[in-house]
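Structural overview
One-letter residues, chain by chain:
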Amino acid sequence: MSVPAAPADAAEPQVMPRAPMHWAVRWVSPAIGVALFVAAVLVLRGELQNVSYQEVRQSVRGLPPSALLLSILFTAANYAILCCFDLLAFRYVGRRLNDWKVAATSFIGYAVANNVGFAIISGTSVRYRFYSRWGLTAQEISRIVVFYSGTFWLGFLVLAGWSMAMDPHPGLSKVLGPTMLAVGGWALLGSALAYAVVAAVRPAPVRMGRWTIPVPRLRIVAWQYALSTLDWALAGAVLYALLPRTELTFWEFLSAFLAAQLLGLVSHVPGGVGVFEGTMVVLLDGYLAPGQIFSSLFLYRLIYYVLPLGAALAILVADEVRLRRHHFAKWGSWFGSISQQVAPRVLAMFIFLAGALLLVSGATPTEPHRLAWIDRHVPLVLVEAGYLIGSLAGVGLLIVSHGVARRLDIAFVFAMTSLGLGIAASLLKGADYEEAALLGALAVALFASRPAFDRKADFWAARFSPGWIFGVVSVVGAAVWLGFFAFQHVEYSDELWWRFALNQDAPRALRATMLAVVLMLAFGVLRFLRPAPPTLTRPTEEELEAARPLIDTQTSTVPYLVYLRDKTLLFSEDGRACLMYAVHGRTWVAMGDPVGDPRSVTGLIRRFFELCDDYGGVPVFYQVGKDKLHHYADFGLAFAKLGEEACVDLHGFSLDGAENKPFRLVLNRFGRSGMTFRVVPVEEVDALMPRLQEVSDAWLLEKRASEKGFSLGFFAPEYVRRFPVAVVEEEGRIVAFATVWPGPAKQELSVDLMRYRPDAPRNVMEALMLNLMLWGKAEGYARFNLGMAPLSGLEPSPVAPVWTRIGNFLFQRGEVLYNFQGLRTYKEKFHPSWEPRYLAYPGGLALARITADVSALIAGGYRKIFRRGRGGG
């Protein structure tokens, strides 16, 4: 049953410190999942203690082919119904798209979500990658996700309520009591009915926070009930068809199935493995022997989970092959480059499963009829080696699956090598050609997707997520338990380790399993003892020189902030685009839009996302313009308006007219004071550095301020000497100065660092700015960038998003924190045009933390955020 979803070779940074609370939260959910998994394994161990491995094998073999065929047909029908969820969702949002495209995307999404777990992430991410490329907005995709998630739970409420109220499973009646079970069942049915009542009596949209959700029409609601109920019934029928016939009715079985599925979903264990099985074994005890239940559950996993995942992989790999053969015909692609993003993750799941298969195979007996063939054709030493090689390859595949999901080229090499070793081991240890064929097919699929593995990052540098670590430990633990279960009839002794004979499966399995455990422990120890990696690298002179021609291809002066060297440079893989970023906590903040070739921007953003994912970071883009928002929307980012940037048209700038009389008064007073203005060229700045430093230090002391950073310049000689400097002098003494950013092709002129002496005349900086604008106009510059007015331009509406309303409130009444309105009013005097600037972030409830981290980056720490002194000038 599908789980619903809610709404490079440049220097790469090493692991950054994280807050303890963040660390704890990341480990809580996987720890709960493993606890439930361990509890389920203990339950299974208790239930199966009197069942032999041979009995389970005989139960699997004794299942009639008609039952297998019926189960496969039910699975196909169930996934077809699941695809209808998305098709109905498109009708709900009022968008039209090719039905086959929607069905294929939906099928891949459900196949991945069912096996990965955490479908709140996996199912939605798959859909977003495809649907956004086909023209759907983030809001439309969110509405689709909410719709099919609601559809999913409607069927559960209906069937669970009906089975609990009308025909409950006896085991549930014993635990909860008949009365409570009936009350709970009718409550579930009432909850399901309430949805239809809302749709009938409230046609107006429902508002939840910043989201407005239109209520579906009754006809669509009726289809939701029908499809979801049929979905859950078919999912249960897949397993019911595999069970031997007993007096257990389908409705009694369904109530147990739904309870087990619910526990599996709550556990967040991928696919509910172990938790679902343990619950079903307990609830079906008394109707069927544990061995019969276990064998049916094993086949259920293969048919309902693994087969659809294999079909999804085949679709993605087929598209990869097509892309390789028709590289220049991407315009006709259904999936395009998206498959290069999804295919590695699906392949990673299969590689993980292949590793589990090899470990399980090594822990179980060989088929007796194959031992005779091995005895005639394979030396015993190769058979023994085959078990050990299988464990080596199995552990290798488990570990390397993490790198495959990250598209690392080294992971591709290791995965192919491990699959080759696994194929050899399968043939040597038991002539298991079926297993070898599966591994060979996976190797072919991996090789066909070779172009997707183009990242050259360090495999060991990235974090290994708690979920992945617990998954590996669970697989190795399950293999150990299965080995003891399969050979529980063999009495343990120290001699078992040293028995070498063709009919001695138990010693071979013991040695192979122990090798797997030792390898995993060695991996953990090496990982733990790995030296702490260095912090973020600062750009070198070579990197700055490589970035210079990229900066010169665009018109903004913001990229000059890279010369502060307080941010790391990241280049696209072809070196034609770059971005700069810094890290605070778990927030990775890119400053401004990427610069360089527009054709390389998407790949660069993707690389930044992958880098953030490697280290558990949250990707954020700060002060981005409206022209490139579509690039960030393609990756699922949401937007919050930061404010507006003021730009003065220098071609039309003049001191004439009544509205400019205040400017003439400022310049007249400036002229009478005896002070002079000039722009010092770059080659002469070094000689003035001590005098500039003196003014800067006096300014900081008088303001009781500290230097800022990230998006604001700070006084550093190696930074200041890179640009011209506008100075105001009085009898040879520098009174005020500003570092000048002369933009490429004279499209934009701006200033960054602005400082003046405490005894300077009142309007000295305004006079400096006016003189600089007149100088820029004479030099042929097109516009003058006055910088951003934070929180300005936010619409004061009661229906606006929460961030907009908070920002507008601070703009209107937050003078105690920052001079928001004063800054806007000052810049408004120059009659500029205003351009919006945005924060692109992953959405959700993390905006407050992201804003705090960005502010701390600029201020130099959390404690300095609310100091009124503006170190940037």
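Everything in this summary refers to the structure shown in the same document. (Residues numbered from 1 in each chain as written. Predicted model: local features only at pLDDT ≥ 70, side-chain atom pairs only at ≥ 80, totals over all residues. Heavy atoms only, no water.)

**Things to note about the overall build of the chain**
Along the backbone of the chain there are 29 helices and 14 strands. Counting only carbon and sulfur atoms, one obtains 65% of the accessible surface of the chain, whose full area is about 38200 Å². (Helix = DSSP H or I, 4+ residues; strand = E, 2+ residues; numbered from the N terminus. Areas by Shrake-Rupley, 256 points an atom, 1.4 Å probe, with all protein chains shown as cover.)

**Thoughts on the pattern of salt bridges**
The full count for this structure, using the stated rule, is 21 salt bridges. Put simply, Arg91 and Asp99 hold a salt bridge, and the shortest N to O gap is 3.7 Å. Residue class for Arg91 comes out partly exposed when judged on its relative accessible area of 34%. One salt bridge in this structure joins Asp566 and Lys567, with 2.5 Å as the shortest N-O distance. In this pair, the class of Asp566 matches that of Lys567, namely buried. (Salt bridge = Lys/Arg side-chain N within 4 Å of Asp/Glu carboxyl O. Buried < 20%, exposed > 50% of the residue type's maximum accessible area, 1.4 Å probe, protein only.)

**Thoughts on helix α29 (residues 847–859)**
If you check α29, its first and last C-alpha atoms are 18 Å apart, about what 13 residues at 1.5 Å a residue would give, namely 18 Å. By the burial criterion, the buried members of α29 are Leu847, Ile850, Asp853, Val854, Ala856, Leu857, Ile858 and Ala859. Positive phi shows up at Gly860, right after α29, with a value of about 95°. (Expected span 1.5 Å × (residues − 1).)

**Considering the nonpolar core**
Grouped together as the largest cluster of nonpolar side chains are 90 residues, with contacts concentrated most on Phe257 and Tyr300. Within the second largest apolar cluster, 52 residues are counted, among which are Val620, Tyr622, Val680 and Met788. (Core = buried A, V, L, I, M, F, W, Y, C linked by side-chain atoms within 4.5 Å.)

**A look at the environment of Ala778**
The topology assignment puts Ala778 in helix α26 (residues 764–779). Look at Ala778 and you get exposed, because its relative accessible area is 67%. Spatially, the C-alpha atom of Ala778 lies 9.4 Å from that of His651, the residues being 127 residues apart in sequence.

**Description of the pairing of strand β13 (residues 783–790)**
In terms of burial, β13 is largely enclosed, as 6 of its 8 residues are buried. Relative to β13, strand β8 (residues 638–649) runs antiparallel, the two sharing 7 bridges. Within β13, the residue paired with Glu644 across the bridge is Ala789. Pairing between strand β12 (residues 748–756) and β13: 3 bridges, direction parallel. Within β13, the position partnered with Leu749 by the bridge is Phe784. Taken together, β12, α26 and β13 constitute a β-α-β crossover, and its handedness is right-handed. (Pairing = 2+ DSSP bridges. Right-handed = clockwise from strand over helix to strand, strands pointing away.)

**Quick notes on the packing of helix α8 (residues 178–201) against helix α9 (residues 218–240)**
Two quantities define a packed helix pair, namely the angle between the axes and the distance from one axis to the other. Between α8 and α9, whose axes approach to 9 Å, the crossing angle comes to 165°. Considered as vectors, α8 and α9 are oriented roughly antiparallel to each other. Here α8 runs over α9; the crossing is right-handed. For the pair formed by α8 and α9, the contact residues are Ala192, Leu193, Tyr195, Ala196, Ala199 and Ala200 on the first element and Leu218, Val221, Gln224 and Tyr225 on the second. For the contact of α8 with α9, a count of residues per class yields 9 nonpolar, 1 polar and no charged. (Axes fitted to C-alpha atoms, helices over the stretch in contact; angles between N-to-C directions. Parallel < 35°, antiparallel > 145°, perpendicular 65-115°, else oblique. Left-handed = near helix turned anticlockwise from the far one by under 90°. Contact = heavy atoms within 4.5 Å. Nonpolar A, V, L, I, M, F, W, Y, C, P; charged D, E, K, R; others polar.)

**Considering helix α17 (residues 433–448)**
Helix length check: α17 (16 residues) gives 22 Å between terminal C-alpha atoms against 22 Å at 1.5 Å per residue, within 8%. Among the residues of α17, those classed as buried are Glu435, Ala436, Leu439, Gly440, Leu442, Ala443, Ala445, Leu446 and Ala448.

**Details of the pairing of strand β5 (residues 587–591)**
For β5, a buried count of 5 out of 5 residues is recorded, marking the element as mostly surrounded by other parts of the structure. In β5, alternate side chains face the same way, and those of Thr587, Val589 and Met591 on one face and Trp588 and Ala590 on the other are all buried. In the sheet, strand β4 (residues 577–584) pairs with β5 via 4 bridges, with the strands oriented antiparallel. When the sheet's bridge partners are listed, His584 is paired in β5 with Thr587. Turn length for the β4-β5 hairpin, with the two strands adjacent in sequence and antiparallel, is 2 residues, and the turn residue Gly585 shows positive phi of about 65°.

In short, the description is geometric, and any link to function would need to be established separately.
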